[in-house]
Structure formats: C-alpha cells, structure tokens
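# Summary of the model geometry
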Amino acid sequence: MQAAVDATPVDHPGRAVDLSNLGNALRIRFEQVGRLADLEAAIAAGQAAVDTVPVDHPGRAGMLSNLGNALNRRFGWGGELADLEAAIAAGQAAVDATPANHAVRARRLSNLGDALRVRFERVGEMADLEAAIVAGQAAVEATPVGHPDRAVYLSNLGNALYVRFERVGEMADLDAAIVAGQAAVDATPVDHPTRAAMLSNLGGALRVRFERVEELADLDAAIVAGQAAVDATPVDHPTRAAMLSNLGNALRVRFERVGEIADLDAAIVAGQAAVDATPVDHPDRAAMLSNLGNALSSRFERDGEPADLDAAISDYRAAVGMGGAAPRVRAGAAHGWGLAAARGGRWLEAVAGYAAAIELLGQVAPRSLKRGDQEHLLAELGNLGADAAACCVRAGLIGRAVELFEQGRGVLLGQALDTRTDVTALAEQHPDLAASFIDLCTALDQADELPGLTQSQVGEDAAATGAERRAAGVAFDDLIARIRGLAGFEGFLHPPPVAELLATATDGPVVVVAVSEFGSYALLLTAGGVEAVPLAGLTPQAVHDQVIALLGTLDDTIPAPQGPLGEIVGWLWDVLAGPVLDRLDVVGPPRNGGRWPRLWWCTSGLLSFLPVHAAGHHNTRFDPSPATVLDRAISSYTPTIRALAHARRTSPLPGGSRVSLQDDGRLVAVAMPHTPDASDLPGAQVETTSLQARFSGQVDLLTGPQATRQAVLGRLPTARWAHFACHGTANTADPSASRLLLADHQTRPLTVLDVARLRLHDAELAFLSACETARPGERLTDEAIHLASAFQLAGYRHVIATLWPISDLHAADIADDIYTTLATTGDAAAAVHTATRQLRGLWARMPSIWGSHIHVGI
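As the structure is a prediction and not an experimental result, all values here were calculated from the model.

Here three strands make up an open sheet; going across it, the order is S9-S10-S11 and the pairing antiparallel. A single partner strand is all that each edge strand has here, and the edge strands are strand S9 (727-729) and strand S11 (750-751). Sheet analysis places strand S10 (residues 739-741) next to S11, joined by two bridges and oriented antiparallel. Paired with Leu740 across the bridge in S11 is Leu750.

The next point concerns the side chain of Ser155. For Ser155, the position within the fold is in helix H8 (residues 150-168). Residue classification places Ser155 among the buried positions, given a relative accessible area of 7%. When neighbours within four sequence positions are excluded, Ser155 is seen to be in contact with Ala184, Met198 and Asn201.

What follows concerns the packing of aromatic side chains. Taken as a whole and judged by the stated rule, the model has 10 aromatic pairs. Feature note: the residues Phe695, Trp721, Phe767 and Tyr819 constitute an aromatic cluster, connected by ring pairs.

On to unusual backbone geometry, then. Despite not being glycine, Asp585 has its phi angle at roughly 60°, a positive value. Summarising the element assignment, Asp585 is placed in the loop between helix H29 (563-583) and strand S4 (598-602). On the accessibility criterion, Asp585 (60% relative accessible area) is exposed.

Turning our eyes to something else, we now look at the side chain of His798. Along the chain, His798 falls in strand S13 (residues 798-802). Within polar-contact distance, the side chain of His798 engages the side chain of His855 at 2.9 Å.

Before going further, it helps to examine the packing of helix H17 (residues 347-359) against helix H21 (residues 398-407). Between H17 and H21, the least distance of the axes is 10 Å, while the angle of their chain directions is 35°. Where H17 crosses over H21, the handedness of that crossing is left-handed. Every residue of H21 that contacts H17 at Val351, Ala355 and Ile358 is listed here: Arg400, Leu404 and Gln407. Considering only residue class, the contact of H17 with H21 consists of four nonpolar, one polar and one charged.

For the coordinates displayed, the defined rule picks out 46 salt bridges. Across the salt bridge formed by Asp38 and Arg29, the nearest N and O atoms sit 2.8 Å from each other. A residue is classified by how much of its surface remains accessible, and Arg29, at 40% relative accessible area, is partly exposed. Between Asp263 and Arg254 there is a salt bridge, and its shortest N-O distance comes to 2.8 Å. Linked through salt bridges whose partners overlap, the residues forming this network are Arg367, Asp418, Asp477 and Arg642.

Rules of the game
Residues numbered from 1 in each chain as written. Predicted model: local features only at pLDDT ≥ 70, side-chain atom pairs only at ≥ 80, totals over all residues. Heavy atoms only, no water. Pairing = 2+ DSSP bridges. Helix = DSSP H or I, 4+ residues; strand = E, 2+ residues; numbered from the N terminus. Buried < 20%, exposed > 50% of the residue type's maximum accessible area, 1.4 Å probe, protein only. Contact = heavy atoms within 4.5 Å. Phe/Tyr/Trp six-rings, centres within 6.5 Å; stacked < 30°, edge-to-face > 60°. Polar contact = N/O pair within 3.5 Å; in protein donor to acceptor, adjacent residues only side chain to side chain. Axes fitted to C-alpha atoms, helices over the stretch in contact; angles between N-to-C directions. Left-handed = near helix turned anticlockwise from the far one by under 90°. Nonpolar A, V, L, I, M, F, W, Y, C, P; charged D, E, K, R; others polar. Salt bridge = Lys/Arg side-chain N within 4 Å of Asp/Glu carboxyl O.

As far as function goes, none of this settles anything; it's purely spatial.
Structure representation (structure tokens):
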C-alpha cells in the first residue's frame, strides 16, 4: 500500500483511495501491536485522503469513516478530547453522505455509535449515549443475521446499552446488553481475533448484573468469560491489559460475595499484570490502577497488612496524577485513596485523598454539561464533604475541615453563585472582560434550554449535540483563568479560605454538621474561630434510620400524637442540638425580654431531611433550662456557607436581617385555590385575602387561571416580596424538577431550574406556603437542590419554606402568624420562630403540624 502511494503522482485522482487504504491498514496494525507511530501515520494518511478529494467524491464517505476510526483510537491513547470531537464529526459526515440503503452504512453507523459512547464515558452528556444506541441499533437492524460483521455491531450496541444501564439503572438495558453481547460471542468463530474483546465486554455486563440481582451464576459466568478473553489474547497484545483488569474486578467481587481469599489474590495478580502491561502515559492506566487499588484495599481490610494499604494508596495516588484520564476516573481514585487511608487510620493521608477528590469535582461536573448529567456524575461520588471534614478533625486540621466541607458540597450551587459574583471592581479596570463574564454567565444560566438530541435523530445533530453548551463552559473557564492572571484578581472565584467563611458568623454562630463513618462533628463557626464538637451518637446509620422513620410518618394520612416524629425530634436533641447549644452556652430563653440568640444550621447528607430547628424534649419547654432548640435560640438554615455569605453581600441593608414593604414596596401573591389534577386549597384564598388586607394597595395578586408559569416569572422581578399559596411537589429522584403547581403545571411546571435562573436584585422575602419546598433529593442531598435554595439563588435573602407536606388549614394559620410579626418587627427569622412556638402551644404533641416551616437565609 505504501508502494502504491509512493508510485502515484500527488495530483492523481486515485491517490486518495490508496492513502485511505494505507491509513486503515496502519490503524489495524496499531490495534494489534500498539505502536503509536503507526497510528500517527494512519491519521496523517487518512487526513490527506480526505483533504484531496472533492466533497461530492463517491469514496469520501469511506475515507471519513476510516479517519474517524483512527482519531477515535488516538483519543483512547492520548486522551485529547479534540481527537474525539474530530472523530465524531468525521463519522457523522460519513453517515450523512452514505445512502440509507447502502451496504456499508451499517458499518459507519456502528463506528459513529462507538465514538459517541466513548465521548459519553469521558464527558458525561446523556445525549451522546442516546445517539450511540440509536446508531448501534440501526446498524444491527440493517445487517442480515448471517453477515460476518453483525457480531461486531451487536457487541458495540451491547456496550452502549450496558453504559446506559450504569447511567439510568434500567434493568431492561442491562439484560439487552447481555443478550446482544452473548449473540456477538456466539456468532464469532472461536479463533477470531475480535472474540476476546467481545467475551471481556460480556463478562463485564454479567458482573454488573450480579451486583444488582445477586445471582451467583452471573458472576461465575463473568469470570469464565473474562478468563477466556485473557487466554485468547497474546501476551503482548495492546488490549490484554484491559481484559486482565476486567477479570480482576470480577474476581474481587466474587471474593466479597463468597469470601474465598484465592479469588482476591488472583484479582490482585491480574490487576497488577494489567497495570504492568499498560504504558505509563496511557489514559486507561488510571482505571487499572484504581481497580488494583480496590483489590488491595479489600485485602488490607481482611488481613490488616500495612503493605497492602501502602500499595493501594500508591496506586490510587498514581491514578489521580494521570491528567489525560477522565476526571470521573481520577476523582473515583482519589475517593478510594481517602477512603482506604481513613479506614487504616492514616488521617493526614486521608485528608490528602479527599482533598484531591474535591479538587476534581468541578472537572467531573463541568458547566458545559446539562444539569441532569452534572447531578448524576456528582451523585456517584457521595459524601465527600462530610468524610473529608471528619478526617480533618481526626488529623487536627479544624480550619481545613470547614474548607473541605464547604468545597465538597453544593458544587452546582457554587457554580451558580459564581455566575452571580459582583464584578464591579473588574468592570472598573477591565470593562471588556467584565462584559464577557456577564455574557457567558447568561449563556450558562440558559444552557439547559438548548435543544438536545431525541431518540430518533441520527443526523448532523449527533455531532453538534451540546456544542453551544460545551463552548460556553470552556469559554467561561478560559475567561476565569485570564482574570486570575491579572494583578489584584488572583483569588477570583477561588474556593473561599476559612478566614472568609468565618465572616459569616458575625450575627451568630454557624453550625456545620458533618456526619461520617469516621466520626461525626459539629463545626462551630463563631467570631472567635472554629471549634469541633464530637457527636458520637450521630452515626450515618442512625441518621438513615431516623429519615426512614420520618418518611414513614409523613406517609400516614392521620399522624398520631407524638409518634415517630416526636421520638425523632427528641433524638435530634440528644445527639446533636443539645451538645451544640450547651457548648455555645445557649442554655435557656433570654431573660427580661432580651434578644433571642440566633444560629444557622448547615447540615449534610440525609440529615438535611430532619427538623433540627424543632429538636427537643418539648415536655421540658417550661423548665428554666428547657431541652429544646425553640426555647433557647432562633434557628435559620443555609444550604452552604457561601450561600449565606452571598445573601449578606447582596443585602441593601446593614446586616440584612430586616425586611420591609415601606417606600412603595410590592408583594406578588400567587394563590391556587383550585389546581388541575390536585386537591382544592381553600386556605390559599384565605392567605392572599389576608395579605391584601394587611398590605393594602401593595399586593399584586395572581390567582387561579391567571397564575401561569410565564405570568409568575414575569411578575417576580417587579416585587420585593413573593408569597406562594399553592401545591408544591418535591421530586426526590430528580430534585431540579421539584415544582410549584400553577394553573398550567401539566404543560409548563414552575421548577427549581426556572426559579434558579432568575436574577432579582431587589428581592427580599419569598414565602413558599406549599408542601415540601425545602425537601432535598435522595441521591444528591449534599447539593441542596430544592425550591428554597432556588429562590435564595434567584436573589431572595430570606426564604420561608417547608420540610414536609402541610395541611391547608394550618398553613393559613401559620402564615397569618408570621406576617403579624413581620409587619411589626421586619425580622423574618424571628417571625417564623414566634409563629412556630405559638402553634406548638396549641399542638404540642403534634410536631408534624408546627415543625414544618423553616427560615433559610440571613
């Protein structure tokens, strides 16, 4: 082939075909031998072929497909995203230029689908994965059962379905992946060179199904397939390392299920061989190092050998340091590093591992991704902030504990707060950069409104899916880097140090609560610094059990007096609130009409479901030193410390603790007494009628059919206060879709994302008199995604919200009590506190009635 190219004049029309064929052969040799020079030469030949033929040349589609394959392989070697983008663009162009009934279109579709799947695994954009499955399915359907290439198409489709199972969790996808993978293996001769990879892929899917349904036969079959894949692959073949690593994973999982140490030893041998066979700069080495670290950690936990822990930490650390690997792989390795070190009692090492994982969160869930994709990727990493904080305390690094707790939580909220940063100083010195910053912030706020790819699209949109979003995210990060390079702006949008976080405690303590298997602590931020209070009874399992009990209580149509919720608030006092208030020396109500102490709760994980402000043994409320929070202090909540600092910076009043409708202030009141497909709320009309009487001439009322999503979004910027008397629904599986039910909620619901996109500069108070408006998501509790945080992000410095469903009658009563206090004092937090105590006086044994409302903000 080289001789053919050399013998053909540069301007000869047939030379491009020879170049493309040469490039294809070079790529295949690279796949067999692993010599990078072959791949570079393949891409050079393929690009030259494409560049020298007209756009309408009949052979150009094949040349593009060949070039795309080579670029995809180079991405796999070097990790440069530009190669993968170019591979997808070339593959898409090849498909577009191939007639629907052409014999080779199936091959080009399968190649494109494979590249799209790879990009999903690197970037995390769900639209890529959906497009990969559509392309893969089309390739299989277009190929007769006896066709020799059909097995490869089935295997590629199976890979994509398996990946979608990991992303979405639908068992139908995993079952279909195994069926496709098994069909691919069955249709491939035993001595065919592609069969080993098919076996390895099938084994991976079988192992994952075992982890879901616990059928040992699946795991045994996975190990048989994995071993057969290794045995069929030459020792020096470039793909053997990945097959060894997959086999090692399956063996480790069987050890964890069966307890046979021989399986674990074999897993470590296979994992080490995989690492040794992989070049030190290959991106896949990070995953292999991490897999080996997992097996070594398991053996350390079994045998306690320090050498295993040393080796595991070393492997995890090496994986984290591989910049060309996918951020999620590196972050997962860092998490493993921190976890292994902590379980071995090496606290400083654990802090280093967790800090590395937290540092990578922004890359794992970049601004260029859609919100749902970001949420899924963050959910994979779990309780980083609290575990990091606990390890810091164990290591004696109390200030660092606060910093890592803050950086490891509320990542999406932090990104949104970044786009609302005051750029006055930047505008004065660099107006062009300030203008670009504002423009990009606007683009990012609107990113989730960009069109995505539907299941039926496999056209040019596949290559362009998310292109605008990715471009905005990359441009934003580049701009921040430029700004940080300017004198005086080095700290622009950097994570805040503990000294800056302490400034939020000027009006009262901020209580950061970290719940971890490594010890739970309340970190008390006061004007004097940070102090850690051990909370021995606040274990992750205990919190989990209390949340389950709470959710079961709320499902009861007729809550019993006291019952589980009464026990929960008592437990919260014993294990959390009591020790905290005692350490703060807040031991009783103020004397002689003095000012109530204030404090802010910043909780993590599942603890966010529980009513810490209502903690106590309320039969002691008349004692000189009552064992209740309500009778000792005014409580507020903040999703993160940064959110509290942001609200204070944007307040027009000193301290920002007062709200007022004086000076022609307006209040938008939204009432839904009758809601389509929902129960009536007669109390909603009562609430807004009361508001109109109390604030005569200042209330803009939207009720019934007038209260549409668009009308409400258009009216909110015109008012200082907002009151919603309607149904609310928390979507715990997809918290960004939690919503307020308005007149058109069936077609255009008012969601968390809708509210969070707002930028309201004069907003003060949002009263969400609706059900569960401060209830977090189940898998993303540390992201504090709910309607209350959305309204705070939109600009409201005070938000009154609810932790659980509330009755229409009591909602109207408590709203009236709150506004009575607000009208005279302007103190939103105190108004909620006073109203809660008053309602408790009537329903002392029913905390479900009086414990629902909370104050969020300053």
